[in-house]
Structure formats: structure tokens, C-alpha cells
Amino acid sequence: MSIIQSVLDTDLYKFTTSYAYSKLFPRAFGEFEFVDRSNDNYPEGFDKLLMEQIKSMEDLYLTSDEEKFLIKQLPYLPPIYIDFLKGFRFNSSEVQVWMEDGKLKVKATGLLYRVTLWETPILATISELYYKLTGQTPDIDYMNETVIKKAKKLAENDVIFSLFGMRRRFSYDIEDKVTKLLKTHSNDNFFGTSNVYMAFKHNVKVSGTHPHEWVQFHGSIYGYKMANYMSMENWINVYDGDLGTVLTDTYTTDVFLSNFSKKHAALFTSLRQDSGDPLVLVDKAIKRYKELRIDPTLKYIVFSDSLNVDKAIAIKEYCNDKIGATFGIGTNLTNDVGNDIKGLNIVMKLFRCKMTEKEPWHECVKLSDVEGKHTGSKREIHLAQETLDLL
């Protein structure tokens, strides 16, 4: 049975970024690579089973009910893109999977507006397949009890949060159960989920931001000094004020804030913190807003870096009345299933891109606020750091 059972079983930002590529860069190519930050070994034959799952995704298509949901819930995606999704089919020839000395290797290469759609389904498939093949099973009673406790504690402390747990979930069934429990036990503090299919199935809001890959692409094409600025300009060009959350840490928060103009600070409603010390970012963001003569209490920060309930509560208390705070909690909700099971530390990142098929490839890098989360070749990371005066 296919692990991914719907075209909508993915994070919102995959569709919004796909549309942005199709509108502004319809001939651009990209290559995503799988990265296991924990350098885990995978069972023998994992690559073949993963490829079978990937091929099974070719049978997926957008149903009429799913189409109606997108039209109603995602008005910023125009009819022309919904029509594209109606005709869209995954093409497994865009993906390569192999093993090297127990390490899993995955690459997805193709037109960016298409190939970007592989990222989160592949990660969710790898995660679920890994637990199946290693014989790990969830403690459902523990999971139910724990999620309800977390939901109630977040509600008691008036923490507004979304579920950002699709990519590293234990399984589809666990994310399904968690979404239902959060909807039932969180009052109005559960803002929604980034998983479009779970939002469709459980009738909750779709919640999401744009990804690092969008800024990485602009860094590769326009240069690292212009990456943040141009990525924000182009996002505004596409969405005209909708989807107003912007990532701060693709090339470090300090570089981002130096690129963050008054125009951008006015048009984007929020910043997203995804690495580094969240409290340091709060202080820096407030300082920058005040420098730009913008009231920080009218803005908010979306925190999404390895959050748990207690961490979210502590950050909210620190923000207090200084700046708004919402939270995207992921693995701590969709992969806290007892039995000493640990969530995988896996990502798929954009490593290369080019504006047309005939042009040479350009490397892409990400410079996190935490050095261990940098991605890209050592040479290109050094070049980006040197260009941005980070050495």
C-alpha cells in the first residue's frame, strides 16, 4: 500500500513555492538532495522499497473534492495553478535512490515547479518506511495521553500553534490521530496544520510559510548579498501581500535583518525563526522594527525550531507584550510515540539550480544560525560566508 495516499498529503509551502516558480521561473531547474543529519544507517534493501513507494505515487491525482477544498481554502492559488494540479502526476524518473555503505542517497532533479513537490512526501515516506523496516511500533495509549496533555497545556497557557509535523512523522496514521486529538482538545489555540490533506480531512485551517529553498534559489541566481532582498520582492510580486511570513535564517539572521527594508517590514506580517537562539532573535527583531519605525507589537514571530510544549511556553512568556508569537510544532507531536522511539533528523535541500535547462548548474547553500545545519559543498559555503563577511 502506498504511504502517500493523496496529492494533498504534503506541506502547504510546497504548493505555494511551486506556483511561485511556475509564475516567475517556469523554465528553472533544480536538484534536491536528501540529508540525514544524524548519519544513520538504513536497512539493506531500503532503497528498493523506497523506490517502489515513489513509483506508486505516480497513480495519485487531485480529486474533485480536494479541488473544491483548495479553491475555498487557498484563494491565493489562482485557477490556472489548480488546473495544473488537476493534471499533475508524479514522475518517478525525476528521482534517483541508492545506498552507499548503509547510507541512504536520494536526489530529485527536474523543472523546479514540479520537482519541489517531491520533498516532503519523500521525507515522510522515508520516515515511515524506516520504522516499519526496523520493527519499531508506537505505543498508541501513550501517544494519545501525551498529545492530549500537550494540547491542554498549550491551551492553558494561551499558546497559539500549528502542527508542522508531516516531514518527520512516525506514520500517516499517527499524524492523522494527532491532528484529530489537537482539534478536539486545544480549544481555539490550535490554529491549523501545514499538511494540506490533514486540513482537508479534519476541516481545519491550512497553515504555512515559505521555505529556505526559495531564498537559496535566489542566492544562487542573484548572488548571496541580494538573496534575501530579491526573494522577498519576488514573493510579494507573486502573492501581493498574502502568505506574509518570511524566513530569517537562510544566510543567518544578522544578514537577513540588514536586508530587511521598511517596505518588507510593513508588507510581511511575521518572521519565521528556524535555528539559533529564539530569544536572541526576539531582541534583534524588535530592535530592527524600531529602527524602521514600525511598532513590533503589530508584528509576530513564527517559531518552528525543534519545539516542545515547555519551550513554546517559555518563548511566549519572553515575547509577552513586546511582539506577537505563534508556534509551529512538528516532530514533538507527530513522533512522540513512546517505546524509546526517536524522530529522524532528516531533510531534503536544494543543492543545485539553473534558470534554463541549457545553462550550467549553480550550487545552492544554506547558512543556518547553527553551523551544524549548513547545507551545500564546503567550497560554496565558504564562498557564501566570505561574500557576506561572515568569516
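Residues numbered from 1 in each chain as written. Predicted model: local features only at pLDDT ≥ 70, side-chain atom pairs only at ≥ 80, totals over all residues. Heavy atoms only, no water.

**Q** Can you break down the overall build of the chain residue by residue, with the values?
**A** A count of helices and strands for the chain gives 17 helices and 11 strands. By the compact-globule yardstick of 21 Å for 391 residues, the chain fits well, its C-alpha radius of gyration being 20 Å. Seen along its three principal axes, the alpha-carbon backbone of the chain occupies a region of about 55 × 55 × 45 Å. The buried share among the 391 residues of the chain stands at 58%. The contacts of the chain with a sequence gap of at least 6 include a subset with a gap of at least 24, amounting to 78%. Put simply, the chain shows about 16400 Å² of open surface, and 48% of that area lies on carbon and sulfur atoms. (Helix = DSSP H or I, 4+ residues; strand = E, 2+ residues; numbered from the N terminus. Rg over C-alpha atoms; globule rule 2.2 N^0.38 Å. Buried < 20%, exposed > 50% of the residue type's maximum accessible area, 1.4 Å probe, protein only. Contact = heavy atoms within 4.5 Å. Areas by Shrake-Rupley, 256 points an atom, 1.4 Å probe, with all protein chains shown as cover.)

**Q** Let's hear about a nonpolar patch on the surface: which residues, and what values?
**A** A contiguous nonpolar surface patch, about 260 Å² in accessible area, is contributed by Tyr222, Met226 and Tyr229. Looking at the secondary structure, you find tyrosine 229 in helix H11 (residues 227-239). Its relative accessible area of 32% is what places tyrosine 229 among the partly exposed residues. (Patch = residues over 30% accessible without salt bridge, like charges linked within 9 Å, V, L, I, M, F, W, Y side chains within 5 Å. Salt bridge = Lys/Arg side-chain N within 4 Å of Asp/Glu carboxyl O.)

**Q** Break down the side chain of aspartate 9 for me, with residues and values.
**A** Note on placement: aspartate 9 falls in the segment before helix H1 (12-24). Once residues lying within four places of it in the same chain are set aside, the contact partners of aspartate 9 are Ile3, Ile4, Pro121, Met166, Arg169, Tyr172, Asn195 and Tyr197.

**Q** An account of helix H2 (residues 46-56) is requested, with residue identities and associated values reported.
**A** Looking only at H2, the buried set comprises Phe46, Asp47, Leu50, Met51, Gln53 and Ile54. Each buried residue of H2 lies within a common arc of 160° when the element is viewed along its axis, so the set occupies one face. Of the exposed residues in H2, the ones pointing more than 90 degrees away from its buried face are Lys48 and Glu52. On the buried face of H2, the contacting elements are strand S2 (95-100), strand S3 (103-111) and helix H6 (119-133). (Arc of directions from axis to C-beta.)

**Q** Outline the pattern of salt bridges, supporting the account with residue identities and numerical values.
**A** In total, this model carries 21 salt bridges according to the counting rule given. Here glutamate 31 and arginine 352 are joined by a salt bridge, their closest N and O atoms 3.1 Å apart. Within this pair, whereas glutamate 31 is found in strand S1 (residues 29-36), its partner arginine 352 is found in strand S10 (residues 346-354), the two being separated by 321 residues in sequence. You can call arginine 352 partly exposed: its relative accessible area is 28%. Here glutamate 233 makes a salt bridge to lysine 263, at a shortest N to O gap of 3.0 Å. Here glutamate 233 is found in helix H11, whereas its partner lysine 263 is found in helix H13 (residues 262-267), with 30 residues between them in sequence. Residue classification places lysine 263 among the partly exposed positions, given a relative accessible area of 42%. A cluster of three or more residues bridged by salt bridges with shared partners is formed by Lys14, Glu119, Arg167 and Glu213.

**Q** Give me the packing of H1 against helix H10 (residues 212-222): which residues, what numbers.
**A** Contact pair H1 / H10: the axes reach a minimum separation of 10 Å and the direction vectors enclose 25°. With respect to H10, the axis of H1 lies roughly parallel. Facing H1, whose interface residues are Lys14, Thr17, Ala20, Tyr21 and Leu24, H10 presents Glu213, Trp214 and Phe217. Considered class by class, the residues forming the contact of H1 with H10 number five nonpolar, one polar and two charged. (Axes fitted to C-alpha atoms, helices over the stretch in contact; angles between N-to-C directions. Parallel < 35°, antiparallel > 145°, perpendicular 65-115°, else oblique. Nonpolar A, V, L, I, M, F, W, Y, C, P; charged D, E, K, R; others polar.)

**Q** Lay out the nonpolar core with the relevant residues and their values.
**A** Val106, Ile126 and Phe260 are the most contacted members of the largest nonpolar core, which totals 111 residues. When residues of this core are assigned to their parent elements, the largest contribution, seven residues, is made by H6. Ignoring anything within four residues of it in the chain, the contact list for phenylalanine 260 reads Met232, Val246, Ala265, Leu271, Arg288, Tyr289 and Leu292. Grouped together as the second largest cluster of nonpolar side chains are 10 residues, Val215, Tyr251, Ile381 and Ala384 included. (Core = buried A, V, L, I, M, F, W, Y, C linked by side-chain atoms within 4.5 Å.)

**Q** Residue-level account of the environment of isoleucine 4, with values.
**A** Relative to the helices and strands, isoleucine 4 resides in the segment before H1. Residue classification places isoleucine 4 among the buried positions, given a relative accessible area of 1%. Separated by 262 residues in the primary sequence, isoleucine 4 and alanine 266 have C-alpha atoms spaced 39 Å apart. Among all residues touching isoleucine 4, those that are not within four sequence positions of it are Asp9, Met57, Leu60, Pro121, Ala124, Thr125, Met166 and Arg169.

**Q** Let's hear about the sheet that holds strand S6 (residues 245-247): which residues, and what values?
**A** Sheet architecture is open: six strands sit in the order S5-S4-S9-S8-S7-S6, paired in parallel fashion. Across the chains shown, the open sheet's two edge strands, defined by having one partner strand only, are strand S5 (190-193) and S6. Pairs of neighbouring strands in the sheet enclose a mean axial angle of 25°, with direction left out of account. In the sheet, strand S8 (residues 300-303) pairs with strand S9 (residues 324-329) via four bridges, with the strands oriented parallel. When the bridges of S9 are listed, isoleucine 301 appears paired with alanine 325. (Pairing = 2+ DSSP bridges.)

**Q** Hey, could you go over the side chain of serine 127 for me, with residue numbers and the actual values?
**A** Mapped onto the fold, serine 127 is located in helix H6. Given the relative accessible area of 0%, serine 127 is considered buried.

**Q** Explain the environment of isoleucine 122 to me, using residue names and the numbers behind them.
**A** With respect to the element layout, isoleucine 122 can be found in helix H6. Looking at isoleucine 122, the relative accessible area reads 0%, which means it is buried. Isoleucine 122 sits 225 residues away from valine 347 along the chain, and the two C-alpha atoms are 9.7 Å apart.

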